[in-house]
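Okay, here's what each chain looks like letter by letter:
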Amino acid sequence: MLIKYVGSDLVDQEVAIQWWVAHTRSSGKVVFINLRDGSGFMQCVGEAQFLGDEKFEELKSLNIESSVELQGVVSKHPKKDEYELQIRSFIVYQASSDYPLGQKEHNPDFLFDNRHLYLRSKSQWAIQRVRDTIIHATYDWMRDHDFVKIDAPIFTPNACEGTTELYEVEHVNGEKMYLSQSGQLYLEPAIAAHGRVYDFGPTFRAEKSKTRRHLNEFWMMDAEVAFIQQEENMHLQEQLMFYIIQEVLHKNRKELEILERPIEKLEAIQLPFKRVMYKDRVDELISMGFDVKQGEDIGSDVEMQYMEKVEQPIFVTNFPKSFKAFYFKEDLQNPGTVLGADLLAPEGCGEIIGGGTREDNYDKLLAAIKEHNLDPEVFNWYLDTRKYGSVPHAGFGYGLERIVRWMCGVHHIRETIPFPRYANRIRP
Ligand code: 4AD
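Thresholds, definitions, all that
- Residues numbered from 1 in each chain as written.
- Predicted model: local features only at pLDDT ≥ 70, side-chain atom pairs only at ≥ 80, totals over all residues.
- Heavy atoms only, no water.
- Helix = DSSP H or I, 4+ residues; strand = E, 2+ residues; numbered from the N terminus.
- Buried < 20%, exposed > 50% of the residue type's maximum accessible area, 1.4 Å probe, protein only.
- Contact = heavy atoms within 4.5 Å.
- Areas by Shrake-Rupley, 256 points an atom, 1.4 Å probe, with all protein chains shown as cover.
- Domains from an automatic or database assignment.
- Buried area = accessible area lost by both parts, 1.4 Å probe.
- Salt bridge = Lys/Arg side-chain N within 4 Å of Asp/Glu carboxyl O.
- Axes fitted to C-alpha atoms, helices over the stretch in contact; angles between N-to-C directions.
- Parallel < 35°, antiparallel > 145°, perpendicular 65-115°, else oblique.
- Left-handed = near helix turned anticlockwise from the far one by under 90°.
- Nonpolar A, V, L, I, M, F, W, Y, C, P; charged D, E, K, R; others polar.
- Near = heavy atom within 4 Å.
- Polar contact = N/O pair within 3.5 Å; in protein donor to acceptor, adjacent residues only side chain to side chain.
- Phe/Tyr/Trp six-rings, centres within 6.5 Å; stacked < 30°, edge-to-face > 60°.
- Core = buried A, V, L, I, M, F, W, Y, C linked by side-chain atoms within 4.5 Å.

S.K.: Please set out the overall build of the chain residue by residue, giving values where relevant.
M.R.: Looking only at helices and strands, the chain features 14 helices and 16 strands. Dimensions of the chain along its principal axes, counting C-alpha atoms only, are 85 × 55 × 40 Å. Considering the chain as a whole, with its 428 residues, one finds that 51% of them fall into the buried category. Partitioning the intrachain contacts of the chain with sequence separation of at least 6 by distance along the chain shows that 66% fall at a separation of at least 24. Roughly 20600 Å² of accessible area belongs to the chain as shown, and the carbon and sulfur atoms make up 49% of that amount.

Pasting the structure below:
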């Protein structure tokens, strides 16, 4: 029996459940134990008159994070809209002592050194459940919109997003290979088989950034669609994001409350999201007093500060070609810029999706590979997609942890993934 299934139909019935002790409090001959089982939290009441003095003392002396099975009768809480368990007997699986994460405040390093335990805390429990909702919402939405899941490899012979942030590994036969930065290059061939495809998996960036939104290992969902271009690409992204937000609001009220996340900010998100060209955005940032220049990358700090001030997500389009990876198609209406867009989230979150229209012309793509100082030899297989039935196409990739961070309103991205890997941490 899971706590989430305890309801009015079980009142006065006997149930037996295996749980962990989250909190205890006693007063005279009554002990109140707050238990958690992963599906929720529940108050259980042990009384000496039902348990006998010896068992009552044993129950009372249980420390937090002891694992137990409690048998008892379900009752309605006298005042709240909750159910309680009136304990009649119990079994202790393991009596825990000196649990290192007490009720007091700990510093983040200590908490993340103990991430294997910290995952049990209420806030971290809530965050992982929101993450789970986002993952499922994504799968549901993709399937409902005719996407086929294609699993991209993690070991790759070539870079996707430039060579500066690649993790290099040696294959068993001595060849060099890299951990995937994005599955995109593997989805592009797959559109010729399936039309609309997506992947979802871990990706790796060897970047040294120590920001609140960078990880070295994070989960990306890449989507790729044949015969669409910039506007349809952005339309798909905003529809997907809007669906994810509605699902989180619908399924995770309790979790968002635990996180003290103001839900009205998520409820206020509206379609369509605004589209702004990079050059207009830079002008706006300059007029607001930010230290940015046309033709230069907008730093992570500026982006986050700016996104503190806005309430809706924004697509920033038409970045200068020089900022972006080799595969972007140039916008011939705005030469020198690409048909690409980053989706920025409000509340200081910044970029959550990167996407764009792909160069579908063989010669132009080959020239771009060379311009980026990449070895065309290792891209031969990828270039084949532009030789045999090349089509206009576009796609995007979202960073799961960035979306979890936004939905949950948490300060640092390390809280959004079960076992984070970032510049200062690879353990536990
Ligand atoms: O903008 P990026 O680099 O785009 C790509 O990799 C494309 N190949 C995706 C595609 O078009 N299929 O990364 C996509 C997203 C970013 O918007 C961000 O949300 C996330 O991945 N991301 C990171 N998340 C956490 N830590 C990092 N170091 C990240 N780098 C990118």
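So that's the structure; there's more coming.
S.K.: Can you break down the domain arrangement of the chain residue by residue, with the values?
M.R.: Its domain assignment divides the chain into domain 1 (3-94) and domain 2 (115-416). The distance between the C-alpha centroids of domain 1 and domain 2 comes to 45 Å. Contacts between the two partners involve six residues from domain 1 and, on the opposite side, five residues from domain 2. A combined buried area of about 500 Å² lies between domain 1 and domain 2, and 51% of that area is made up of carbon and sulfur atoms. Together, Arg-36, Gly-38 and Phe-41 form the three largest contributors to the area buried by domain 1 at its contact with domain 2, with a combined 65%. Between Glu-65 and Arg-120 there is a salt bridge, with its nearest N and O atoms 2.9 Å apart.

S.K.: Explain the packing of helix α5 (residues 122-144) against helix α14 (residues 400-408) residue by residue, including any values.
M.R.: Relative to each other, α5 and α14 sit at 120°, their axes nearing to 10 Å. One element, α5, and the other, α14, form an angle in the oblique class. α5 and α14 meet at a crossing whose hand is right-handed. On the side of α5, the interface is formed by Ile-127, Val-130, Arg-131, Ile-134 and Ile-135, while α14 contributes Leu-400, Glu-401, Ile-403, Val-404, Met-407 and Cys-408. Looking at the contact of α5 with α14, its residues break down into nine nonpolar, no polar and two charged.

S.K.: Just give me the short version of the site of the ligand, but keep the residues and values in it.
M.R.: Residues in contact with the ligand amount to 23 residues; listed here are only the nearest, Glu-161, Gln-184, Glu-207, Asp-222 and Glu-351. Measuring from a nitrogen atom of the ligand, one finds a side-chain N or O atom of Asp-222 at 2.7 Å. One of the backbone N or O atoms of Ile-353 is found 3.3 Å from an oxygen atom in the ligand. For the ligand, the accessible surface in isolation is 630 Å², of which the surrounding protein chains cover 93%. No other element matches the four residues that strand β15 (residues 350-357) contributes to the shell around the ligand. Looking at the shell around the ligand, its residues break down into nine nonpolar, six polar and eight charged.

S.K.: Requested: an account of the packing of aromatic side chains, with residues and values cited.
M.R.: For the structure on display, the rule yields 19 aromatic pairs. Geometrically, the ring pair formed by Trp-381 and Tyr-382 is edge-to-face, given 5.9 Å between the ring centres and 65° between the ring planes. On the basis of relative accessible area, Trp-381 is assigned to the partly exposed category, the value being 28%.

S.K.: Explain the environment of Arg-212 residue by residue, including any values.
M.R.: Here Arg-212 is to be found in the loop between β10 (196-204) and β11 (217-226). Every residue in contact with Arg-212, bar those within four places of it in the chain, is listed here: Met-304, Arg-405, His-411, His-412 and Ile-413. A polar contact is formed between the side chain of Arg-212 and the backbone oxygen of His-411, at a distance of 3.2 Å.

S.K.: If you had to explain α14 to someone new, which residues and values would you point to?
M.R.: Extensive coverage of α14 is indicated by the burial of nine of its nine residues. What α14 keeps buried is the set Leu-400, Glu-401, Arg-402, Ile-403, Val-404, Arg-405, Trp-406, Met-407 and Cys-408. At the exit of α14 stands Gly-409, carrying a positive phi of roughly 65°.

S.K.: Lay out the nonpolar core in plain terms, naming residues and giving numbers.
M.R.: Among the nonpolar cores identified, the biggest contains 46 residues, and Ile-134, Met-221, Met-241, Ile-244, Tyr-398, Trp-406 and Met-407 are the most heavily contacted of them. Ile-244 has contacts with Ile-134, Ala-137, Thr-138, Tyr-398 and Ile-403, leaving out every residue within four places of it along the chain.

S.K.: Go over the pattern of salt bridges, please, and point to the residues and values.
M.R.: All chains considered together, the criterion is met by 25 salt bridges. Linking Lys-29 and Asp-53 is a salt bridge whose minimum nitrogen-to-oxygen distance equals 3.9 Å. Of this pair, Lys-29 sits in the loop between β1 (14-27) and β2 (30-36) while Asp-53 sits in helix α2 (residues 53-60), and the two are 24 residues apart along the sequence. With a shortest N-O distance of 2.7 Å, Glu-188 and Arg-386 are connected by a salt bridge. In this pair, Glu-188 sits in helix α6 (residues 184-194) while Arg-386 sits in the loop between α13 (380-383) and β16 (393-399), placing the two residues 198 residues apart along the sequence. Residue classification places Glu-188 among the buried residues on the basis of a relative accessible area of 2%.

S.K.: Talk me through α6; I want residue IDs and the actual numbers.
M.R.: Within α6, the full set of buried residues consists of Gln-184, Leu-185, Leu-187, Glu-188, Ala-190 and Ile-191. The inward-facing, buried residues of α6 abut β10, β11, α13 and β16. Following α6 by one or two positions, Gly-195 adopts a phi angle in the positive range, close to 85°.

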